[in-house]
Amino acid sequence: MKNILITGGTGLIGKQLSKKLQEKGYNVALLSRRPVKDSGFRVYTWNPDSGVIDPEAISMADYIIHLAGAGLGDSRWTEKRKKEILDSRIKTAGLILDKLKESGKRPEAFISASGSGYYGAITSETIHVETDDPAADFIGEVCRRWEEAAGKIESLGIRTVILRTGIVLSKSGGALQRMALPAKLGIGSPLGSGRQYVPWIHIDDLCGIYIKAIEDQSMTGAYNSAAPEHVSNSRFMVTVSKVMGRPFFFPAIPSFAFRILFGEMSSILLKGSRVSSEKIISSGYSFKYPDLRSALKSLL
Ligand SMILES: NC(=O)c1ccc[n+]([C@@H]2O[C@H](COP(=O)([O-])OP(=O)(O)OC[C@H]3O[C@@H](n4cnc5c(N)ncnc54)[C@H](OP(=O)(O)O)[C@@H]3O)[C@@H](O)[C@H]2O)c1
C-alpha cells in the first residue's frame, strides 16, 4: 500500500481527495499546522514559519501532494496578506525541499496545486495552453513562483506534476456556495461585465486528475485542470439560477462595487480568459463532468 502525504489536506480539495485516495486503497496522511483530531486520517504537524516539520511525515511519503496555501479570496490583498499568500505556498514547498535534501528521501512523485490565474486576470478570447507565459499580475506571480518552487523539487530527480486548477465546484463550500447564494435568494446576476471567462472544474474531476497524476508515470510538468466547456461569468450565473429553478435578475452588479468592496482581489472575479483542457484530455483523462449544467446538477 503506497503512502501519500497531503499538505493542506484539511481544506476543500484535500478533504475530498484524501477520501477518494483512501477508497482506492492508498494510505493517506495529512500535513497540517494544527493537530487535527477528527479527520479520520493520520495527521502530521508542521510549522512553516519556523521551518519545523515532523520528520516522519517526509520519511513515510511515497507521494507528496502540495495543497497548502492561504485562501486567495478570503480577505483583501493587503501587503501582509499578499506575503502570506506567497509564503504559504512557496516557503512551504521550500521547507519540503530542504527536508528531502537533508533526509535523502525521494518520493515517487510530487504533485502541486497551481491556478489557472497563472495566465492572468485578463478578459480575452485567448485559450491558454500550458506553454504560455505567466502573467505579470499578482496571481500570475504567485503561480509562477509556486511552480518554480515545485521545479526545485523536480531538480532532485522527483517526477513533478503541476495542476493549474480552475475554480473548484463542490458541495462542501468554496466558490460555488458563495456564487450560488444570490441565485438562492432569487437575485442572481452577472458580476461586472459578465463577459469574463470562468475556468471551472468539478471536484470529482479534479480528484480524478490528482489520482491520475499519481498513477500515470508519464505525467510530468504543468497541466491545466479545468473543464473543456468554456463559460462566461454571465453564462455561469444564468446556469446556476436555472439549475436551482430560480429567476435570473438583471442588470449586472457593476465592477466598481466589487473594486470598492474587495480592492485588487476583485480582479479574480471580474476578469478571466479561457483555459485549454487539451493536454490533460490527450494524456488520457476523461472528464466525468465536461459541461457546467451536468456539474451543477450533481452539486446544487
Ligand atoms: N478551491 C479552488 O477553487 C482552487 C482553485 C485553484 C487552485 N486552488 C489551490 O489548491 C490548493 C487547495 O485548495 P483548497 O480549496 O483545498 O484550499 P483551502 O480549503 O483553503 O485549504 C488549504 C489548506 O492550506 C492550509 N493553509 C492555509 N493557510 C496556510 C498558511 N498560511 N500556511 C500554510 N498552510 C496554510 C490549511 O491547512 P491547515 O490549516 O491544516 O494547515 C488549509 O486547509 C490551494 O493552494 C489553492 O490555492 C484551489
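All figures in this text were calculated on a predicted structure; none of them were measured in a lab. Position numbers for residues count from 1 along each chain, tracking the sequence in the order it is written. The predicted nature of this model means local features are confined to residues of pLDDT at least 70 and side-chain atom pairs, given and counted, to a pLDDT of 80 or more, with totals for whole chains, interfaces and linings taken over all residues. As a rule here, side-chain values come from all non-hydrogen atoms in the structure, and water together with hydrogens is ignored.

Asker: Sorry, what's going on with the layout of surface pockets here?
Answerer: Where empty space is left becomes clear once a probe the size of a water molecule has been rolled over the atoms. Using a 1 Å grid laid over the protein atoms alone, points where a 1.4 Å probe fits but cannot get out form a cavity; open sets with protein on both sides within 12 Å along at least 5 of 7 lines form a pocket; any residue with an atom within 4 Å of a point counts as lining. Grid points are joined across faces, edges and corners, and a volume is the space filled by probe spheres set on the points. The computed volume of the second largest pocket comes to approximately 160 Å³. Lining the second largest pocket are Gly9, Thr10, Lys15, Ser18, Lys19, Leu30, Arg34, Val36, Asp38, Ser39 and Phe41. Only runs of H or I of at least four residues qualify as helices and only runs of E of at least two qualify as strands under DSSP, and these elements are numbered from the N terminus. In terms of residues, the lining of the second largest pocket owes the most to one element, helix α1 (residues 12-23), which gives three residues. Residues are grouped as follows: nonpolar covers Ala, Val, Leu, Ile, Met, Phe, Trp, Tyr, Cys and Pro; charged covers Asp, Glu, Lys and Arg; every other residue, Gly included, is treated as polar. Residues that form the lining of the second largest pocket fall into these classes: three nonpolar, four polar and four charged.

Asker: Would you take a moment to explain the packing of aromatic side chains for this structure?
Answerer: For any pair of aromatic rings, geometry is given as the distance between the ring centres together with the angle between the planes. Centres within 6.5 Å are what make two rings of Phe, Tyr or Trp a pair, Trp counting through its six-membered ring; a difference in plane orientation under 30 degrees is then read as stacked, over 60 as edge-to-face, and the rest as tilted. Enumeration according to the criterion identifies three aromatic pairs in this entry. On the basis of an interplanar angle of 85° and a centroid distance of 5.3 Å, the ring pair of Tyr285 and Phe287 is categorised as edge-to-face. For the residue pair Tyr285 and Phe287, the accessibility class agrees, reading buried in each case. Placement of a positive charge over a ring is assigned whenever Lys NZ or Arg CZ falls within 6 Å of the ring centre and within 35 degrees of the normal to the ring plane. Above the ring of Trp146, the side-chain terminus of Arg89 is found at 4.8 Å from the ring centroid. Relative accessibility under 20% of the residue-type maximum defines a buried residue, over 50% an exposed one, and the middle range a partly exposed one, all with a 1.4 Å probe and only protein chains included.

Asker: Hey, could you run me through the nonpolar core in this one?
Answerer: One broad trend across soluble globular proteins is that nonpolar side chains are buried collectively. Judged by nonpolar contacts, the single largest core of 51 residues is most densely connected at Ile6, Leu21, Ile65, Ile111 and Tyr210. For this core, the element with the most residues is helix α6 (residues 203-215), which contributes eight residues. Only heavy atoms enter the contact rule, under which two residues are in contact if any of them lie within 4.5 Å. Setting aside chain neighbours within four positions, we find Ile6 in contact with Leu17, Ser18, Leu21, Val28, Ala29, Leu30, Leu31, Ile65 and Leu67. Judged by nonpolar contacts, the second largest core, of 22 residues, contains Ile53, Ala68, Leu97 and Ala222. Remark: nonpolar core denotes a set of buried residues (Ala, Val, Leu, Ile, Met, Phe, Trp, Tyr, Cys) joined through side-chain atoms within 4.5 Å.

Asker: Would you explain the pairing of strand β5 (residues 63-66) in this entry?
Answerer: Side-chain positions along a regular strand alternate between the two faces of the sheet. Along β5, one buried face is formed by Tyr63 and Ile65 and the opposite face, lined by Ile64 and His66, is buried too. In this scheme, strands are said to pair when DSSP sees at least two bridges between them. With four bridges connecting them, strand β1 (residues 3-7) and β5 associate as parallel partners. Of the residues in β5, the one forming a bridge with Thr7 is His66. Bridge analysis of β5 against strand β6 (residues 109-115) gives four bridges, and the strand direction is parallel. What sits directly across from Ile64, in β6, is Phe110.

Asker: Honestly, the pairing of strand β3 (residues 42-47) in this entry has me stumped. Any pointers?
Answerer: Where strand β2 (residues 27-32) and β3 come together, four bridges link them in parallel fashion. Bridge pairing in β3 places Leu30 opposite Val43. Here β3 runs beside strand β4 (residues 52-53); their pairing, made up of two bridges, is antiparallel. Paired with Trp46 across the two strands is Ile53, which belongs to β4. Counting the residues between successive antiparallel strands, the hairpin from β3 to β4 contains four residues, one of them, Gly51, with a positive phi of roughly 75°.

Asker: For this particular structure, what's the right way to read the site of the ligand?
Answerer: A single heavy atom is enough: if one lies within 4 Å of a molecule or strand, its residue is considered near that molecule or strand. In the vicinity of the ligand there are 22 residues, among which Thr10, Leu12, Ile13, Ser32 and Arg89 approach most closely. Side-chain atoms alone can form a polar contact between residues adjacent in sequence; in general such a contact is a pair of N or O atoms within 3.5 Å, and within protein one must be able to donate a hydrogen while the other accepts it. Contact between the ligand and Thr10: an oxygen atom at 2.6 Å from a side-chain N or O atom of the residue. Between Arg33 and the ligand, the recorded distance is 2.8 Å, taken from a side-chain N or O atom to an oxygen atom. Residue assignment for the shell around the ligand shows that the elements contributing at least two residues are α1, α3 (79-103), β6 and β9 (167-169). Per-element accounting of the shell around the ligand gives the leading share, three residues, to α3.

Asker: Whenever I open this one, the sheet that holds β5 confuses me. Can you help?
Answerer: Within a sheet, neighbouring strands are paired by backbone hydrogen bonds and run either parallel or antiparallel to one another. One open sheet holds the eight strands; their spatial order is β4-β3-β2-β1-β5-β6-β8-β11, and the pairing between them is mixed. Edge positions in the open sheet fall to β4 and β11 (221-225), since each of these has one partner strand only. Strand direction decides the pairing type here: strand β8 (residues 159-165) and β11, joined by five bridges, are parallel. When the bridges of β11 are listed, Val161 appears paired with Gly221. Where helices are involved, their axes are fitted lines through C-alpha atoms of the stretch in contact, as for all axes, and angles between N-to-C directions lie from 0 to 180°. Packed onto the sheet, helix α4 (residues 138-154) meets β5, β6, β8 and β11 and runs at close to 175° relative to β6.

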